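So you can see what is in the structure, the chains are spelled out below.
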Amino acid sequence: MFWNEEMETMPREQLKELQGERLKKTVELVYNNVEHYREKMDAAGVKPEDIKSVEDLSKLPFTTYHDLADVYPFGMASAPVSECVRLQASSGTTGKPKISIYTRTDLDVWTECSARCLTMGGLTKDDILMVGYGYHLFTGGLGAHQGGEAIGALVIPMGGQATTKIIDFLIDMKVTAIACTPSYLLHVAEVAEEMGVIDKLSLRISFNGAEPWTNEMRQRLDSKLHIKTFDIYGLTELCGPGVADDCEYRTGLHIWEDHFIPEIIDPNTGEVLPEGSTGELVITSITRDGMPLIRYRTRDLTHLEYEKCKCGRTHARIQRFVGRSDDMLIIKGVNVFPTQVEAVLLTVPGTTPNYFITVDRVDEQDTFQIEVEIEESYYSDDAAKMEALRAEIKKAIKGVIGLNAKIVLVYPNGLEHGMGKTKHVLDKRKLFG
Ligand code: DLL
């Protein structure tokens, strides 16, 4: 099933031509309207007229989330804010989020991409789709919602509701499709099992993403819920769910190349790697009006396959992710940079910025612990004072990161301080595979 058969099955030569035209337009747009891009291109000695086809892409400088932070909040916008109708955001490396703003046309493109992904998984107007992703700055809720509505499915916006209520709705409305993180879907399955109602569910398909998940997890979800799971990928900076998704053959996630040009680079040297190599995924958006990104470094490590798929789609397939080239953690679907923890600790009197994060997965649910060293002068054996400090840190972390962490106070100098780079994170989860 196709949402836009002509585009999804376009012969690669034609697709490349289209990419070239759209790339040229996008480069002109950003050069003329975004000072930051103009300065970067001038510094690299590239002018818009040097970009004649997709082969010229590698002449352009990369964009990173540091660029976004440097010109926060709207410095990357290529359209006036008055022309934009939506803002979405996710965690940045410190206190400031990464934002993306959309014109009305950008929202239409996002909806099209999301609808293509959901249709690829078999969603039709006869389905009832429950969206369990958050409906806020996070792109998951609204992104899946827009696609589902465009298809004509009955969409139920449930992100953020209590799990028992979600299960009641799944049963009462005979929901056939669900979009949420894979770990949350497993939680739903387990709670439904405990309640003795798992057999009452009518689910047949799901769209899971926003965090890495393994094949084992996929099999578990498929067999526990008797459904077919689809792996959906996206990132706030480009557009949330909708950048790529796998088809029924599950041979990788088709990335919509008429909207996004993918490349794989060596994360250390920036060199473009030959087809089939594993490296960092870099994506250029070529149909955005409000905030296109040129050669955006996603930090996600993977490889691409270009062979035509059995499903008939010609668009490249992103293979299983093997990690990230930065230190970003995804805990319960929330992006967390260790530097954010450090920034929070610096605001709480009595603590030091010496911390150690331990992330684990217990019963398929993420756990998040932060050990924090207390300042020598603040340390006391007054248990109430220490408890108040612990509660304050917990609240501050929740306020900035949005997650409840287990806070463990450590005596002054209680954490290891080596002479080399301090290690701040232990991630015990097996996320990739
Ligand atoms: O997670 C957008 C999204 C929402 C995708 C709902 C799919 C479903 P961010 O919060 O900006 O956006 O996080 C983006 O999450 O760079 C990957 O590291 C990771 N990620 C997203 N989808 C997948 C996936 C949304 N299917 C970051 N598999 C990305 C593995 C994923 N990692």
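Look above for the structure.
What comes next concerns the included structure.

Parameters at a glance
Residues numbered from 1 in each chain as written. Predicted model: local features only at pLDDT ≥ 70, side-chain atom pairs only at ≥ 80, totals over all residues. Heavy atoms only, no water. Near = heavy atom within 4 Å. Polar contact = N/O pair within 3.5 Å; in protein donor to acceptor, adjacent residues only side chain to side chain. Areas by Shrake-Rupley, 256 points an atom, 1.4 Å probe, with all protein chains shown as cover. Helix = DSSP H or I, 4+ residues; strand = E, 2+ residues; numbered from the N terminus. Nonpolar A, V, L, I, M, F, W, Y, C, P; charged D, E, K, R; others polar. Pairing = 2+ DSSP bridges. Salt bridge = Lys/Arg side-chain N within 4 Å of Asp/Glu carboxyl O. Buried < 20%, exposed > 50% of the residue type's maximum accessible area, 1.4 Å probe, protein only. Contact = heavy atoms within 4.5 Å. Phe/Tyr/Trp six-rings, centres within 6.5 Å; stacked < 30°, edge-to-face > 60°. Lys NZ or Arg CZ within 6 Å of the ring centre and 35° of its normal. Disulfide = S-S within 2.5 Å.

Time to look at the site of the ligand. Contacts to the ligand come from 23 residues, most closely from Ala 210, Asp 231, Ile 232, Thr 236 and Asp 300. Within the contact set of the ligand, a nitrogen atom lies 2.8 Å away from a side-chain nitrogen or oxygen of Asp 231. Contact distances for the ligand include 2.5 Å between an oxygen atom and a side-chain N or O atom of Thr 236. The protein chains hide 97% of the 610 Å² of surface that the ligand would expose on its own. Among the elements of the structure, helix H6 (139-151), strand S7 (228-235) and strand S8 (239-246) are those that each provide at least two residues to the shell around the ligand. Among the elements that take part in the shell around the ligand, S7 stands out by supplying five residues, more than any other. Here the shell around the ligand is composed, by residue class, of 10 nonpolar, eight polar and five charged.

Further remarks concern the sheet that holds strand S6 (residues 205-209). Read from one edge to the other, the open sheet built from nine strands follows the order S4-S3-S5-S6-S7-S8-S9-S14-S13, with strand pairing classed as mixed. Of all the strands in the sheet, just strand S4 (154-157) and strand S13 (304-305) have a single pairing partner and so form its edges.

Glancing now at the pattern of salt bridges. This structure, assessed with the given rule, holds 26 salt bridges. Taking the shortest distance from any N to any O, the salt bridge between Asp 67 and Lys 40 comes out at 2.9 Å. Here Asp 67, found in helix H4 (residues 65-70), pairs with Lys 40, found in helix H3 (residues 35-44); they are 27 residues apart in sequence, far enough to count as distant. For Asp 326, the salt bridge goes to Arg 324, with nearest N and O atoms at 2.9 Å. The residues Asp 326 and Arg 324 share a single accessibility class, namely buried. Connected via shared salt-bridge partners are Arg 361, Asp 366, Asp 427 and Arg 429.

A separate point is the environment of Trp 110. Structurally, Trp 110 is set in helix H5 (residues 104-120). Residues Trp 110 and Cys 239 lie 129 residues apart in sequence; the distance between their C-alpha atoms is 6.3 Å. Not counting residues up to four positions away in its chain, the partners in contact with Trp 110 are Arg 86, Gln 88, Tyr 102, Thr 139, Gly 143, Gln 146, Cys 239, Gly 240 and Pro 241. A polar contact of 3.1 Å, which involves the side chain of Trp 110, links it to the backbone oxygen of Pro 241.

Throughout the structure, instances matching the rule amount to six aromatic pairs. A ring pair is formed by Tyr 379 and Tyr 411, whose centres lie 5.2 Å apart and whose planes are at 80°; its orientation type is edge-to-face. Of this pair, Tyr 379 sits in the loop between strand S19 (365-374) and helix H11 (383-401) while Tyr 411 sits in the loop between strand S20 (406-410) and strand S21 (425-427), and the two are 32 residues apart along the sequence. The ring of Phe 62 carries Arg 297 above its face, with NZ or CZ at 5.6 Å from the centroid. Lying over the aromatic face of Tyr 65, Arg 299 brings its terminal NZ or CZ to 5.4 Å of the ring centre.

Under the counting rule described, the total for this entry stands at zero disulfides. Not engaged in a disulfide, the cysteine Cys 117 finds its nearest cysteine sulfur in Cys 113; these two sulfurs lie 7.0 Å apart. Given a relative accessible area of 0%, Cys 117 falls into the buried group. No disulfide involves Cys 247; its sulfur sits 3.7 Å from the nearest other cysteine sulfur, which is in Cys 309.

Let us look at the pairing of strand S18 (residues 351-362). Side chains on a regular strand alternate between the two faces of the sheet. For S18 and S19, the ladder comprises nine bridges, and the chain directions are antiparallel. Directly across from Val 362, in S19, lies its bridge partner Gln 365. Of the pairings in the sheet, the one linking S18 to S21 comprises three bridges and is parallel in character. Within S21, the residue paired with Ile 357 across the bridge is Val 425.

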